[in-house]
Amino acid sequence: MLKNKYANLDSWLSSKGFLLFFSLFLSIALWFFVVGNRNEEIAKTYEVRLEFLNPPSDLALFPSVKTVVITLNGERRAINALQTSQLVSEVDLKGLTEGRHTVPIKFRAPSRTTVAQIVPKDVEVELARLIDKDLKVKVLPPEDMPAGYIMDGVNVTPETVKAHGRLDQLSSIYEISVRPTKDELFSGGSWRIPLKAPEGTDLDFTPPDVTVSATYYQGMPRKDLPVEVRTRGTLQASLRLVSTKVVPDVLPVEGRAEAFEQVKSLATEPINLSRLTKSTTVQTKIAELPAGLALLSSPVVTVNVEIKTLSDTKEFVEVPVTVQGSADNSQWSVEPAGVTIYVEGPASVLQNLTPEDFGLTAYVDVSNIVAKSIRLPVRLQYKEIAGIESVVVEPLTVKVLRKTD
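Residues numbered from 1 in each chain as written. Predicted model: local features only at pLDDT ≥ 70, side-chain atom pairs only at ≥ 80, totals over all residues. Heavy atoms only, no water.

### Observations regarding the overall build of the protein
For step 1, the next point in the chain: Of regular secondary structure, the protein possesses eight helices and 31 strands.
For step 2, the next point in the chain: Classification of the 405 residues of the protein by burial places 35% in the buried group.
For step 3, the next point in the chain: Within the protein, contacts between residues at least 6 apart in sequence are counted, and of these 73% link residues at least 24 apart.
For step 4, the next point in the chain: Accessible area of the protein: about 24100 Å², with a carbon and sulfur share of 51%. (Helix = DSSP H or I, 4+ residues; strand = E, 2+ residues; numbered from the N terminus. Buried < 20%, exposed > 50% of the residue type's maximum accessible area, 1.4 Å probe, protein only. Contact = heavy atoms within 4.5 Å. Areas by Shrake-Rupley, 256 points an atom, 1.4 Å probe, with all protein chains shown as cover.)

This is the structure in structure tokens:
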């Protein structure tokens, strides 16, 4: 009997009815599996470009990022049908003026999707005015120039180039520097050197490169010379100059030994005091060097000018400048012979103060000076008095002349 049951089961499993039933069952199961997966919600991340709307026509745009990362949730079928090129995030610049701004990023999710995350949510946007400015081309010696060699006979074509860039960057740039390599200089000839924007700037140049030729010779000493600040004009009557500090205060110079005998320091081009009303920072250049000397770095320096009002300040006029340190008994004259000294402190201390009480003297030190004419800093000597805040001399330097028999 058991044998008959197995025979009947085998007969039924191999029948067409069972096969049709089993096929239908698999089809239905597969359909439910496909439909279920198709409607399954998934997440996917896209890198989406930023589109900037309504940019000001007279300003250039400098965004902190140009794309954002967006994560979308949605049905698998909807998400898989999306292409990155179809997605755009927007930043509206309408009404923005020159300067730095933080602007929200707007993104509209496609149909049957939602935004899970946007990174970043805001974008830093800088709007800057663009200008053109002519810059002088400065040719510097190779950075690895051997000691004792000096570059000479420099020719550069063109001598000036046009720079195109942001106003805030170009306003403090007066020249653009290029350097031949040591191999180029020592092999001779002329070289085309591409112009590179200073670090931290984004400038374009016309033309993009210059032609440079130069020679070199050996045997020149190299020294670091201090930098002195020259001024012209005068401050308003209610103001006084407290100090001028130059950065850097020492610059490397190379040249003939006899030229160094005449020059003990470098001087800036004069700063016009009549235009200043408060403490400020001024960019200026080193004045032209005498023949036989060459500056080995950029001639542009920064001068920090400190200015204060004349309240609680006493002024000593025409204080004579004496000469100290003349080792060879030479006679010297000073131009101007007298200087003005400003003493700042409480009115109660300044009211009856005299140069004699203060032990106040002004002098220049001519020790080791061999030049017949040179500008030297005016030095001050005075007693320490409680309450005195500062003592300043004007002018800061005077011309010293060796008298001849």
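On we go.
### Digging into the side chain of T113
For step 1, the next point in the chain: Position of T113 among the secondary structure elements: in strand 6 (residues 113-119).
For step 2, the next point in the chain: Among the residues examined, T113 registers a relative accessible area of 9% and is labelled buried.
For step 3, the next point in the chain: Only 2.6 Å separates the side chain of T113 from the backbone oxygen of P110, close enough to count as a polar contact.
For step 4, the next point in the chain: In contact with T113, other than residues within four places in its own chain, are L72, N73, G74, I79 and L82. (Polar contact = N/O pair within 3.5 Å; in protein donor to acceptor, adjacent residues only side chain to side chain.)

### Looking at the sheet that holds strand 25 (residues 332-335)
For step 1, the next point in the chain: A sheet is described by the order of its strands in space; here three strands give the open sequence 25-31-28, paired in antiparallel fashion. For this open sheet the edge positions go to strand 25 and strand 28 (373-377), each flanked by a neighbour on one side alone. Across the sheet, the axes of successive neighbouring strands diverge by a mean angle of 35 degrees, strand direction being ignored.
For step 2, the next point in the chain: One ladder, built from five bridges, connects strand 28 with strand 31 (residues 397-402); its direction is antiparallel. What sits directly across from R375, in strand 31, is K399. (Pairing = 2+ DSSP bridges. Axes fitted to C-alpha atoms, helices over the stretch in contact; angles between N-to-C directions.)

### Things to note about the sheet that holds strand 9 (residues 149-157)
For step 1, the next point in the chain: If you walk across this open sheet you meet the three strands as 9-14-12, and the pairing is antiparallel. Of all strands in the sheet, those with a lone pairing partner are strand 9 and strand 12 (190-194), marking the two edges. In this sheet, adjacent strand axes meet at a mean angle of 40 degrees when their direction is disregarded.
For step 2, the next point in the chain: Summarising the sheet, strand 12 and strand 14 (residues 209-218) pair through five bridges and their orientation is antiparallel. Along strand 14, the bridge assignment pairs P194 with D209.

### A short note on the packing of aromatic side chains
For step 1, the next point in the chain: Under the criterion given, the structure shown has four aromatic pairs.
For step 2, the next point in the chain: Clustering of aromatic rings is evident, with ring pairs tying together Y149, F186 and Y216.
For step 3, the next point in the chain: Sitting above the plane of the Y174 ring, K133 keeps its charged end 5.0 Å from the centroid.
For step 4, the next point in the chain: Sitting over the face of the ring of F62, R166 holds its NZ or CZ atom 4.9 Å from the ring centroid. (Phe/Tyr/Trp six-rings, centres within 6.5 Å; stacked < 30°, edge-to-face > 60°. Lys NZ or Arg CZ within 6 Å of the ring centre and 35° of its normal.)

### Points about the pattern of salt bridges
For step 1, the next point in the chain: This model, assessed by the stated rule, comprises twelve salt bridges.
For step 2, the next point in the chain: Note that D58 is salt-bridged to R129, the shortest N-O span being 3.3 Å. Of this pair, D58 sits in the loop between strand 1 (41-53) and strand 2 (60-63) while R129 sits in the loop between strand 7 (122-128) and strand 8 (130-139); the two residues are 71 residues apart in sequence, bridging distant segments of the chain.
For step 3, the next point in the chain: With relative accessibility at 45%, the residue D58 sits in the partly exposed group.
For step 4, the next point in the chain: The partly exposed category is assigned to R129, whose relative accessible area is 30%.
For step 5, the next point in the chain: Of the charged contacts, one joins E143 and R179 as a salt bridge, the two residues approaching to 3.9 Å between their closest N and O atoms. Of the two residues, E143 sits in the loop between strand 8 and strand 9 while R179 sits in the loop between strand 11 (175-178) and helix 5 (182-187), which places them 36 residues apart along the sequence. (Salt bridge = Lys/Arg side-chain N within 4 Å of Asp/Glu carboxyl O.)

### Some details on the confidence of the model for the protein
For step 1, the next point in the chain: Summarising the model, the protein shows a mean pLDDT of 85, and 88% of its residues fall at 70 or more.
For step 2, the next point in the chain: No element of the protein has a lower mean pLDDT than helix 1 (residues 2-13), at 56, and none a higher one than strand 13 (residues 204-206), at 95. (pLDDT = per-residue confidence, 0-100.)

### With respect to the layout of surface pockets
For step 1, the next point in the chain: Its boundaries defined by the atoms lining it, the largest pocket holds a volume of some 950 Å³.
For step 2, the next point in the chain: Forming the boundary of the largest pocket are 31 residues, of which K136, K138, V139, E288 and L295 lie nearest the centre.
For step 3, the next point in the chain: It is strand 9 that contributes the most residues to the lining of the largest pocket, seven residues altogether.
For step 4, the next point in the chain: Taken together, the residues of the lining of the largest pocket break down into 19 nonpolar, three polar and nine charged.
For step 5, the next point in the chain: The space that makes up the second largest pocket amounts to roughly 340 Å³.
For step 6, the next point in the chain: In terms of lining, the second largest pocket is formed by 19 residues, of which the most central are R230, V263, S265, L266 and A267. (1 Å grid on protein atoms, 1.4 Å probe; cavity = no way out; pocket = protein on both sides within 12 Å on 5 of 7 lines; lining within 4 Å. Points joined across faces, edges and corners; volume = space filled by probe spheres on them. Nonpolar A, V, L, I, M, F, W, Y, C, P; charged D, E, K, R; others polar.)

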